[in-house]
Amino acid sequence: MTGKPGRTARGGAQTSAGDLLDLVRSGRAVTRGALQQMTGLSRATVGQRLDRLFRAGWVREGAGGPVDSPLGGRPAITLEFDGSHAVVLAADLDTRHARAALLTLTGEILAERSGALVVEDGPETVLDGLGRWFAELLTETGYAPEAVCGIGLGVPGPVDSETGRVVQPPMMSGWDGYDIRGRLSRAFTEHASTGTGAGTGTGTGTSTSLAPAPVPVLVDNDANLMAYGEQRTGYQDCRAFVLVKVSTGIGAGVVVDGAIYRGVDGGAGDLGHIRVGAEALCRCGSYGCLAAVASGGAVARRLTEAGVPAASGSDVRELLAAGHPEAAALAREAGRRVGDVLATVVTLLNPGVLMIAGDLAGTPFLTGVRELLYQRALPRSTAHLDVLTTKLGERAALIGAGALVVEHLYAPERVEERLSALGV
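Please read these numbers as outputs of a predicted model, since none were measured by experiment.

Soluble globular proteins tend to bury their nonpolar side chains together. Core analysis: the biggest nonpolar cluster contains 54 residues, and L35, L53, F241 and Y410 have the highest contact counts within it. Ranked by residues supplied to this core, first place goes to helix α13 (residues 396-409) with ten residues. The residues touching L35, leaving out its near neighbours within four places in the chain, are L20, L23, V24, A29, G40, V46, L50 and L79. Counting residues in hydrophobic clusters, the runner-up holds 39 residues, among them A278, L303, A331 and V387.

Following this line, the structure appears as structure tokens:
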């Protein structure tokens, strides 16, 4: 996933410092000798390019590894990515609620917070709120704003990954085409610079690692980031991974060969607007969408009509946790409807893991999914399929967002740009 095919082949004279970092980070080459073997570069050239990475604070020497030569000698000094030189901020925005976190470059959450943020209040208000939360996280942990190398944000709508703008989002009125990247970067800078979250600089690493302003921001669909976080954390060997988030709406994230599959303009995985023949009106304005009959919002409406007050998918989740029988029955029915659609998804993609996440991700819904999925899909498509619920829970998108930022910033071609900007 990091790097481009062919750039680190033996004899590749143009192999850069970024390519060497990619080899070290991936574990494919963790000694100077191994880097020479993998790249075909001379010892002196490898040393020069590693020196740039050392001066940036991105690589450090670890413990001695196995002896490189069969004739014996000193153990080779290992090289490792130094994840302490910077931190990442991440946020996961739902329709009425959000979570934010400060993470290390290796994905450890150092601090987090959550609270009410309503997307219908508009991007100006919501993104300003996230900027304030980010600054407060820095204050809590003692990091200086300059230690932040990037920000990742998950949103409940389709995103054009090239521009970071949402495209005709059914549940994000007022956000279509809005410059999320620019506004969130400014909001963070404004709140951090006014002292809302200025830290002491503790743990920021070397001064050469400090990121220039404005802080780069990456935006992606929340289900994509959840899938990416789950796949990278627990299922790295799974070549085709699908996560379905069932909350206010229904969306899927797909990871193929370690990379998020987004389609041509970010619209891949929008399962909630597949027509299933029902008469219910969807928030998108069409009738018969899957989300209109099987999402957390749809179950909440049916419960309310039956005399059980529920305003949203989160209310349904609480009722399910309390063992409410009618909520469980409706969740299982919703699972069957989703499972019917997923039979086609599984037949098309042949994934190794199908993960259910979101407000309805529990036993009743999962039971319903399995009932219809195994009934409708060909046995060949499900023979090696694991159908299960989320492992990371509400942190999945945060971890996925952090990982996406790191993979973006430390990709070989971007490493060269950043090293040059740092003057090393």
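Here we come to the packing of aromatic side chains. Within this structure, the stated rule accounts for three aromatic pairs. With 5.2 Å between their ring centres and 75 degrees between their planes, W58 and Y410 make a pair best called edge-to-face. Placement of the pair is W58 in the loop between α3 (43-56) and β1 (59-64) and Y410 in the loop between α13 and α14 (412-422), with a sequence separation of 352 residues. Classification of Y410 as buried rests on a relative accessible area of 0%. Taken together, a centroid distance of 5.2 Å and an interplanar angle of 75 degrees make the contact between F81 and Y410 edge-to-face. Residue F81 is located in strand β2 (residues 77-81), and its partner Y410 is located in the loop between α13 and α14; the two are separated by 329 residues in the primary sequence. Cluster of aromatic residues (ring-pair linked, three or more members): W58, F81 and Y410. The positively charged end of R25 is found above the aromatic ring belonging to F81, 5.3 Å away from the centroid.

Take the pattern of salt bridges next. Counting across every chain of the model gives 26 salt bridges. For R395, the salt bridge identified is with E112, shortest N-O distance 2.3 Å. Pair noted here: R395 is in the loop between β14 (386-389) and α13 and E112 is in strand β5 (residues 109-116), with a separation of 283 residues, a long-range link. Notably, a salt bridge pairs R113 with E136, separated by 2.3 Å at the nearest N-O pair. Taken together, the residues span a long stretch of sequence, with R113 in strand β5 and E136 in helix α4 (residues 123-141) at a distance of 23 residues. What makes R113 partly exposed here is its relative accessible area of 31%. Salt bridges here are not isolated pairs; linked through shared partners, they connect R99, E112, R317, D359, E394 and R395.

Here is what the cut-offs are and how they apply
Think of each chain on its own: its residues are numbered from 1, step by step along the sequence as written. Where totals are concerned, whole chains, interfaces and linings use all residues; where local detail is concerned, this predicted model gives features only for residues with pLDDT of at least 70, and gives and counts side-chain atom pairs only at 80 or more. Water and hydrogen atoms were dropped before computing side-chain values, which therefore reflect all heavy atoms in the structure. Residues belong to one nonpolar core when they are buried, are Ala, Val, Leu, Ile, Met, Phe, Trp, Tyr or Cys, and are joined through side-chain atoms within 4.5 Å. Each residue is assigned to one of three classes by its accessible area relative to the maximum for its type, calculated with a 1.4 Å probe on protein chains only: buried under 20%, partly exposed between the two thresholds, exposed over 50%. Here a helix means four or more residues in a row that DSSP labels H or I, a strand means two or more in a row labelled E, and each is numbered from the N terminus. Only heavy atoms enter the contact rule, under which two residues are in contact if any of them lie within 4.5 Å. Paired rings are identified among Phe, Tyr and Trp, the last through its six-membered ring, by centres lying within 6.5 Å, and are further divided according to the angle between planes into stacked (under 30 degrees), edge-to-face (over 60) and tilted (the rest). We call a charge positioned above a ring when the Lys NZ or Arg CZ atom is no farther than 6 Å from the ring centre and deviates by at most 35 degrees from the ring normal. The term salt bridge refers to a pairing of a side-chain nitrogen on Lys or Arg with a carboxyl oxygen on Asp or Glu at a separation within 4 Å.

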